[in-house]
Every structure is written in C-alpha cells, then in structure tokens.
Amino acid sequence: MDPQDDSFDFLFKIILIGDSNVGKTCLVQSFKTSQFCERQQNTIGVDFTVRTLSIEGRRVKMQVWDTAGQERFRTITQSYYRSAHGAMIAYDISRRATFDSLPRWIHELKQFGAANVLTALIGNKRDLEAEREVQFEEACKLAEAKGLLAAVETSARDAWSVEEAFVMMARRLLMQNDTSVADDHTHAVMLRSNSHTVSLTSASSADEKKPCAC
Amino acid sequence: MKKSRSVGASSSLNGLGKQDGESRRKRKMAEITQALNMTPVDVPALRRMAISEGGLLTDEIRRQVWPRLLNVSVDNIPEQLETVDRDNNKDFNQVLLDVQRSLRRFPPGMPDEQREGLQEELTDIILRVLVKNPQLHYYQGYHDIVVTFLLVLGERLATALVEKLSTHHLRDFMDPTMDNTKHILNYLMPIIERVNPEVYDFMQQAEVGTIFALSWLITWFGHVLSDFRHVVRLYDFFLACHPLMPIYFAAVVRLRLFDSLSSSKPSSESLVSDIQQKWVSSFTATALAAIFRPCC
C-alpha cells in the first residue's frame, strides 16, 4: 500500500444509500478508480472504499460505506448510519420509483443517523437523458424542503460530476471541522459548467441558502 | 472446528508429482462410482469424497452425487417444469434486477445468446421455488447460489435441488427478516475466539464487526469467488456438511487472512479501517486455494 495513503488530516465517513440498482456501487467505483464497470453485480450488506483527497493542502480521507439496496438488508445497514459524518442518498433519474423512495430514506437517516449528518441527494444515470422520469427541479425542491446540503445529478458511466459530488461533501465536512477553510462557494464552480448547479444550504447557517439554479 | 481443521490439514498434501496426482484422481473416481452403484447408494462414502481432497472432481460426477447428498430422488422429478407467472410475483422485480446484473457469474467467453437463455432459466428457477414455497423470501445473493446449481445441473435438476436447499440449508436466510441471519453471523466471533484469542482481541479492538462475512455466508462464497471451479469445489464440501458449516468456514478464512496480514497492527482509527477494508477486499481464490488444495 502507498504509505502516503496512511497519513491524513481528516477522516470522514460517508454512507451511500438508496434503492436497488440506482448505481451506488458504480458511483463509488467511479470515485475510487474513475472507471465504470458495466458488469457490476449487486452489493450484499456493506462494502467499504477509501480514497484520500487533497483539499486546500489538507489530506481528507473519505471512507465510503456502500450499502445493499434491498429492503431486508436495512436492519443490518442501519447500524452504520450512526457514525457517518455524511450521507449520499442516490436515486435513478430514469426510474421515478427510486425518487419516490427518497423521503423514506431521509426519514431512516433522521431516525438512525447522527443529528448533524450532512446529506446530499444524488440523481444518478444522468446519461439516460432520453429516459428521464425525474426533473432536477424536483430534487432541488425536496433537498430544500428537507434542509439537506444539496442535490446533484451524476453519471457514473461518464464519470460526470461524481468526483465533484464527493469533493463537495468533503469540503463541507472540512468547513465544519476546520474554520480556516473558507466557504467561498468555489466548490459550486467546480461542477461542470454544463451540469446542473448545486443547491447549497450552509450547514452552519440556514440563511445562506443559494437558490437552485436549473 | 474439527471438520474444517481436517480440511485444512488436507492442504498439506502437496509436493506430489503430477503422475501421482493423476492416479489418485482415477482411484477416487472409481471409489465414487462404486459408492453410487451400491444398493442402497453409499451416501456416507459420497460425503467423505465430497469433503476430501479435490472434492467431487467433475461436474458430471456432481450431477450424480449432489442429489444424493441432498437426498433428492431424481426419479421423482417431473419431466415438465411448471410455467412461472412472472407478473403476479412480489419478488419478480428484485430478482430481475439481480439476475440482469449477474453477468460475472457466467463463464467468460460464453456467447451472449446462451448466457441470456440461462439468465431466463435462472429467473424461472428462483420464482418457481418462491411461488411454491410462500414462506420463503428472496434475498440478494440467493441468485448467486442458484446460478451455480443451474450451471452444473441444468434447469430441471437445479429446480429440485434448489428447492430442497432453500427449505433446509438456506431456510434461515429466507425468513421475512434477517434476524436469524444475524443470529448465525453472531456465531463467528465465539468460534474465532475459541481457535485464536489473539485474532478475537484484535477484531474486537478494531471494531471490525461481522458484516464482512455476510455475503460469504448467504451466498456460500459464490458472490466473492471469481473462479467457478473453486465455487463448485466449495459447494461439494458444504453439501456434504451440516448447514452451519459455512459460518465455520468463514471463521477459518478469517483466521487465515489474519495470519497473512499479521504484520499489520492497528495503531490508529484510520489504520484499523484500512486493515478492515483490506481484509474484506483481499479475500480471493488464493485464500480458498490455501485451504482447499485442488486435487491434481
């Protein structure tokens, strides 16, 4: 193992949840290896992935807990919610039902997670634009209504905004833990210009809301 | 632990020449044929063959022996399989999602058309067993086991064996909830403690938990092994043993992995999670090969 990988300034645990087959494992793989695996099989229980990011000179270790989507595994995955600093709830923009499940996932997170867990909605499979069943505005509205950090659309297949979504989480968590990191909103710029902008609500002060520009 | 130890011990049978291996293989095949031809069939002998070095050797032998190990009477299996009503099935959508994503479970190089046909059969076997046994509930990973039976036995025989397996060996995993599965996972740490308290202490300290063994347990390692030959060899063993053997085997694998990683000691929270991750991801056929030395 790369000895560099062992040293870090911050360690954040991110739990990745959402319905079956929305692309959770592919998102993690894309973040870890920048590759898309066409033959990805289902996840059983929980899988762990670690990647260390460098943000403003700080080494931020992201430990991602990728979970199984099937309902029956929840009693097992729920025990991982409590120690998570951040949560990414994924859905598939081409399957309405996976979006309709979001309130239930958010509720579970509230029930079993820490009170201040940073949460983002991830609309994956952005490459399936022709089959889109969920508009980005809807995700933004839901994120705002539930007081979440952001709504982002991604494509694990095209490595579209995947890295950015994780970096955004890392940055926000860093800001909470290290006051010397400024909230200059530059991370919004880091999303591709031809992608949807992220709706941001500051984790520390609710009056800093940025509208969801779609 | 007695059984898994004896299996471990068989791995010390190495360093023998190829010719020697070939003659042992032939001898074993003759012994299996003899056991099959006895009246009644010598099932205890078949069990010993399935457990001992090399397992049942070939899929052709497996087609004859696996039904015996599960006490399924091949003569009573109907020639025609029932048709499956896919539309009115609560599990259909999840089964379909998982079967569609099961490409890795088929031999590399298999033509797409053939694989797609087998995937249809896989879906049908699963739904057929579930419809016939409404007390059983589908879990992600069940298809990893069923596909192995399909590839070795074909649809008709696989349906009969999978049904038997689901109402016996896999029954606890197929409850409405995973409470019983969690209960079985809880056997893992006491087994490890009994064999090696040092490993137990390390794992407790590292707060590793037992989740890493979940897929091993409920798929009989089918989910994590990439070489089909290793999967069927392991299934020979599990079919010949008590239904709780997979959790004992998981303990053996974990203990072996600890030995191979014993230079890594947890010194910080981060290192612990790295080791944890390494443990989970480093389980490969190599670990299996170290425990089960393939015959010849």
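For clarity, every value in this text was computed on a predicted model and none was experimentally measured.

**A few points about the interface of chain A and chain B**
Alright, step 1. The partner chain B presents 34 residues to the 31 residues of chain A that form the contact.
Alright, step 2. Around 3000 Å² of area is buried between chain A and chain B when both sides are counted, 51% of it from carbon and sulfur atoms.
Alright, step 3. Taken together, the links from chain A to chain B amount to zero salt bridges.
Alright, step 4. At the boundary of chain A with chain B, the tally comes to 14 residue pairs in polar contact (both at pLDDT 80 or more).
Alright, step 5. Sorting the residues of the side of chain A that touches chain B by element identifies β1 (10-18), β2 (46-55), β3 (58-67) and α2 (74-77) of chain A as the ones contributing at least two each.
Alright, step 6. In the side of chain A that touches chain B, the residues fall into 12 nonpolar, 12 polar and seven charged.

**Notes on empty space enclosed by the protein**
Residue and element names in this part refer to chain A.
Alright, step 1. On inspection of all chains with the given rule, the structure shows one cavity of 30 Å³ or more.
Alright, step 2. Approximately 30 Å³ is the volume found for the largest cavity.
Alright, step 3. Lining the largest cavity, in full, are L27, M88, I122, T154, V162, A165 and F166.
Alright, step 4. Counting residues per element, the lining of the largest cavity draws most heavily on helix α6 (residues 162-177), at three residues.
Alright, step 5. In terms of residue class, the lining of the largest cavity is built from six nonpolar, one polar and no charged.

Parameters at a glance
Residues numbered from 1 in each chain as written. Chains lettered and ligands numbered in written order. Predicted model: local features only at pLDDT ≥ 70, side-chain atom pairs only at ≥ 80, totals over all residues. Heavy atoms only, no water. Contact = heavy atoms within 4.5 Å. Buried area = accessible area lost by both parts, 1.4 Å probe. Salt bridge = Lys/Arg side-chain N within 4 Å of Asp/Glu carboxyl O. Polar contact = N/O pair within 3.5 Å; in protein donor to acceptor, adjacent residues only side chain to side chain. Helix = DSSP H or I, 4+ residues; strand = E, 2+ residues; numbered from the N terminus. Nonpolar A, V, L, I, M, F, W, Y, C, P; charged D, E, K, R; others polar. 1 Å grid on protein atoms, 1.4 Å probe; cavity = no way out; pocket = protein on both sides within 12 Å on 5 of 7 lines; lining within 4 Å. Points joined across faces, edges and corners; volume = space filled by probe spheres on them.

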